[in-house]
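Remarks on the overall topology
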Amino acid sequence: MIQALFDGVLVGSILSLGAIGLTLVMHILRFANFSHAELLSVGAYCALTFDAVLSGIAPPLANLIGPFSMSAALALSTLAAAILTGFTAVLIDRLVFRRLRDTAGPLTMVFASFGVALIMRNLIALVFGLRTERFTDAISFATMVSSDPLLLIKPDQVAILLIAVAAMAALHLLLTRTTLGFALRAVAENPTLAQVNGIALPSMIRLTWIIGGGLAAIAGVLYGIDNQLSPVMGRDLVLSLFAAAIVGGLGSVTGAMLGGFIVGLASSFAILLLPAGYKPAIPFLVILATLYIRPNGLFGEAR
Amino acid sequence: MIGFVSYLVFFLTITAILAIAVLGLNLQWGNAGIFNGGVVAFFGTGAYIMIILGGPERGGEFGGFGLPWPLALAGGAAAAGLLAILVGLATTRLRHDYLAIATFGIAIAIEAFVRNATYLTGGAKGIRGFERPLEALIDNPFLYSLFFLALAVVLLIIVYAGLSRLVSSPYGRLLRAIREDETAARSLGKNPARVRLEAFVIGAVIMGLAGGLYATFYAFISPQDLAPILTFQIWAMLIVGGAGNNLGAMLGTFVVWGCWVASGYVLSSLAPQELQLYAGTLQYILIGLIIVVTLLIRPRGLLPERLQVTKRPGPQNTGVISNAGEQYQS
Amino acid sequence: MPDAAPFLNVSDFTAGYKRGLPILHGVSMHVNSGEIVTVIGPNGAGKSTLIKAIAGLVIVEGGAITLEARNLLGIAPDRLGRFGLSYVPQTANIFTTLSVSQNLALAARRCRAAPETRIAAMLDLFPALAERRSVRGGGLSGGQRQVLAIAMALIAEPRIILMDEPTAGLSPKASQDVLELIGKIAGDGVSVLLVEQNARMALGISDRAYILADGQNQMDGPAGDILDDPAVAEIYLGGRRKGAA
């Protein structure tokens, strides 16, 4: 039980990070972006590449920090990957979504995002191979925090949780303490009024992609540390991210954070009841339940 | 030569079966503007239920009712329709991309289900063995494959004719009216959510029919056949052909399925050994590119919809951000 | 005192929400410096469209618009603040999910002066807002919302403010307060272009007025003359009533 709780919170924190960007894009650009989860893969594989390069140039950076299987090189690489992934998202917007925004309806953008996801996922497979990768070969051992009820925690998992919470706290500060954050919230609420108040929409759209891509990259790295990297990780996560965004209510950052934890917990508790093979179906059940019970999610407004 | 002809017959049979599914999608997307991100869920449901209803006894597992083939096929299609009602009731009232997410989700859920519910579905190994209609009477395999092609084409023609009548009827005009302007349709006393649900269910039934036919043809169905790529392939077929145009939908099926098969052939015969493993990866990129490039360059497909009504909803009237400043300038 | 040269000049405007479907058919008007000008007319006359066209929010297919002799046509709405123009929409004119001070801070991003000083100035000017500075916009009363919306427009130190029915949905008392505020704003040298349903009340504080009907100019002149014109009163002011202005 306790183990399921911890595992659920851990996975939930990663899903929350990924879902925040998704909910912002769905709200501000008004389309369900099926390629968002691929940004997690982009971020994770960027970090993997930078990490290898950095560790090659400056071997001391590759030393593992304390009990963690992370190094200074990986930390720097993650930051670089977050920036690069943010700009990747802007680039994809420019190449595909922005053009469709000007000429077609939002569902056409949803449709295109399926195609974009297929291309991104398989390009990663082509470049990095179909096999799975890990950030480090070091095996990290779990500490038994409690034997009855059984609770095993790896040092890495504590770090993942802390990093995820720190990233969310940083975003929260941005949105509630800076005028840039107010501007982003303003665009989400009423784009026309935002323009009237001097906010240039194109730059806010870019900011949305940068934040969404950056957080997705961090989520991808954390997922890779906890599990492993694979070109299909985006495919495996996309439905969970949508479930988190929908449970939380579209456009609500707080909702997406909470939604991530709800979906993570639902998945980890579900395998206490159901055979593990049914796990991929859990996010769908969460979505369906939300749509029947509270279609606008926990914090969403009707629109 | 006979090898090539029999391959051609095989190719055309699959094309005809997929074209039925594409026509179902065309009703949903092309006419009613409903986004179905999980075509494979309805296709797969039709396939599995058909084979469970019509198949022989399977040692101890559920099914093997041995129903006559037409009944089994109809049962599969009906089951796909029921599934559509379940998803549609929750979503046709909501923001339109919710249906995209929910249908995408149900495809994943159904795949997980058939992989694991061994008692019902045979699990990962699937359900094998099915006596195809009139197979006992036609004992020449080549003749039988010709017969089956004819059967698939006849069903395709029936579906095509039925849908053509439907979309040119007042009901079809209502569907397109709702697609273009839901608010206006509501103000005319129509219930858009209800009509959208109907179109969604009819489309799903047609996809279920295609799935049942597919399982009949192979006398086999397994979770492999429910891979998400099938949804994307069917989408690519529709968009290449021209959403809203039934002839275009069929042409698109032929073109895209032809590209898929040809690219598979080229890769397997020409690509170096170490790249063989990545043949599927390259084919997936091809499908992704077909979708994105078609949307960007020729969004209305090879055979565009013949429009009696206004153009597709643009950014101004769908609530999307439109930069009024840019319009102002232009 | 109004200057002689037109300050905001709109000539021969053809504009609407969809290309090829204009709502305004060649409307011309001007506002002098420090003037309050009211646009009145029946529902559907194109009053709101006119004000949105000036604010850059609808498609303008023909005509010209200048502010202090600088062209405004084709300027994106988010850049009009730099030309000294602010716009207060009729509804949804504040951000309900942001607090009062966040709304002001957001609007102050386009200020040339230090944003903090401008925010402080607005809170000084409107004690009601200062008291509620941490209340979310959604929690304000109708009158307070209108005051906040006007403060968000004023914060950028505009030379002209466009207001679309600022008294719509307000109580008579709150309406009176808002109109008094508008008079005060103009007294400080800021021009005001007003669209109003409460034509009598609005004309009472205005210098001049334009009457639009079917997207075309019908009549214009000093506000007092329009108010006293019996034909106008009959058609546009809902008959003669006593003392409303």
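Residues numbered from 1 in each chain as written. Chains lettered and ligands numbered in written order. Predicted model: local features only at pLDDT ≥ 70, side-chain atom pairs only at ≥ 80, totals over all residues.

Chain C goes by ABC transporter ATP-binding protein in an unreviewed UniProt entry, where it is assigned to Hoeflea poritis.

The following threshold applies: UniProt positions are given in the numbering used here, feature names are shortened, and annotations may be inferred rather than shown by experiment.
Looking at an unreviewed UniProt entry, one finds chain A named Branched-chain amino acid ABC transporter permease and attributed to Hoeflea poritis. Under Subcellular location (unreviewed entry), UniProt gives the following word-for-word description of chain A: "Cell membrane".

Describing the overall build of chain C
Short version of the rule: Counting from the N terminus, the helices are DSSP H or I runs at least four residues long and the strands are E runs at least two residues long. Atoms considered for the radius of gyration are the C-alpha atoms alone. The globule rule reads 2.2 Å times the number of residues to the power 0.38. Our exposure labels follow a C-beta count within 10 Å of each residue's own C-beta, placed from the backbone: buried means 20 or more other C-beta atoms, exposed means 12 or fewer, and partly exposed covers the counts in between. Whether two residues are in contact depends on their C-beta atoms, placed from the backbone: they are in contact if these lie within 7 Å.
Across its full length, chain C carries 9 helices and 10 strands. The C-alpha atoms of chain C give 17 Å as radius of gyration, which agrees with the globular expectation for 245 residues (18 Å, within 12%). Its C-alpha atoms put chain C at 50 × 45 × 35 Å along the principal axes. Sorting the 245 residues of chain C into buried and exposed places 48% on the buried side. In chain C, once contacts between residues fewer than 6 apart in sequence are set aside, the share between residues at least 24 apart is 67%.

A look at the sheet that holds strand S3 (residues 36–40) of chain C
Residues and elements named next belong to chain C. Convention followed: By the convention used here, strands pair only if DSSP detects at least 2 bridges between them. Helix axes are fitted to C-alpha atoms over the stretch in contact, other axes to C-alpha atoms as well, and angles between N-to-C directions run from 0 to 180 degrees.
Read from one edge to the other, the open sheet built from 6 strands follows the order S6-S7-S8-S3-S9-S10, with strand pairing classed as mixed. Each having just a single partner strand, strand S6 (85–88) and strand S10 (216–222) make up the two edges of the open sheet. Averaged over all pairs of adjacent strands, the angle between strand axes in this sheet comes to 15 degrees, irrespective of strand direction. When strand S9 (residues 208–213) meets S10, the two strands line up antiparallel, connected through 6 bridges. Paired with Ile211 across the bridge in S10 is Met219. Those strands touched by helix H5 (residues 142–154) are S6 and strand S7 (160–164), and its axis lies near 165 degrees from that of S6.

Observations regarding the sheet that holds strand S2 (residues 24–32) of chain C
With antiparallel pairing, 4 strands are arranged side by side in an open sheet as S2-S1-S4-S5 (chain C). Of all strands in the sheet, those bounded by a partner on one side alone are S2 and strand S5 (70–71) of chain C.

Structural notes on the UniProt feature "transmembrane region" (unreviewed entry) in chain A
Following the UniProt record, the feature "transmembrane region" (unreviewed entry) maps to residues 6–27, 39–58, 70–92, 104–129, 160–184, 204–225, 237–263 and 269–293 of chain A here. Segment residues 39–58 of chain A splits into 95% helix and 0% strand. End C-alpha atoms: 28 Å apart.

Looking at the packing of helix H9 (residues 233–248) of chain A against helix H10 (residues 253–273) of chain A
Residues and elements named next belong to chain A. Applicable threshold: An angle counts as roughly parallel when it lies under 35 degrees, as roughly antiparallel when it exceeds 145, as roughly perpendicular when it falls between 65 and 115, and as oblique in every other case. Crossing handedness follows the turn of the near helix against the far one: under a right angle anticlockwise gives a left-handed crossing, and clockwise gives a right-handed one.
Relative to each other, H9 and H10 sit at 125 degrees, their axes nearing to 7 Å. Here H10 runs oblique to H9, going by the angle between their axes. Every pair of crossing elements has a handedness; the one defined by H9 and H10 is right-handed. Listed contacts from H10 to Ser240, Ala243, Ala244, Ala245, Val247 and Gly248 of H9 are Gly255, Ala256, Leu258, Gly259, Gly260, Ile262 and Val263.

So, the interface of chain A and chain C
Inclusion rule: Under the grouping applied here, Gly and all other residues not named as nonpolar or charged are polar, the nonpolar ones being Ala, Val, Leu, Ile, Met, Phe, Trp, Tyr, Cys and Pro and the charged ones Asp, Glu, Lys and Arg.
Listed by partner, the interface residues are 15 residues for chain A and 20 residues for chain C. Take the side of chain A that touches chain C: its biggest share by element is 6 residues, from helix H6 (residues 179–189) of chain A. For the side of chain A that touches chain C, the residue count by class is 7 nonpolar, 6 polar and 2 charged.

Digging into the packing of helix H2 (residues 36–57) of chain A against helix H3 (residues 72–103) of chain A
How two helices sit against one another is set out by the angle between their axes and by the gap between those axes. All names here are of chain A. At their nearest, the axes of H2 and H3 sit 8 Å apart, and the two run at 135 degrees to each other. With respect to H3, the element H2 is oriented oblique. Once H2 is placed against H3, the crossing between them reads as right-handed. Contact residues: H2 offers Leu39, Val42, Gly43, Cys46, Ala47, Phe50, Asp51, Leu54 and Ser55, while H3 offers Ala73, Leu74, Leu76, Ser77, Thr78, Ala80, Ala81, Ala82, Leu84, Thr85, Thr88 and Ala89. Taken together, the residues that form the contact of H2 with H3 break down as 14 nonpolar, 6 polar and 1 charged.

Some points on the environment of Phe31 of chain A
Take Phe31 of chain A: it is sitting in the loop between helix H1 (2–28) and H2. Judged by the 26 C-beta atoms lying within 10 Å of it, Phe31 of chain A falls in the buried class. Residues Phe31 of chain A and Gly105 of chain A, spaced 74 residues apart in sequence, show a C-alpha to C-alpha distance of 9.3 Å. When sequence neighbours within four positions are dropped, the list of residues in contact with Phe31 of chain A reads Met26, Pro106, Met109 and Val110 of chain A together with Asp97 of chain B.

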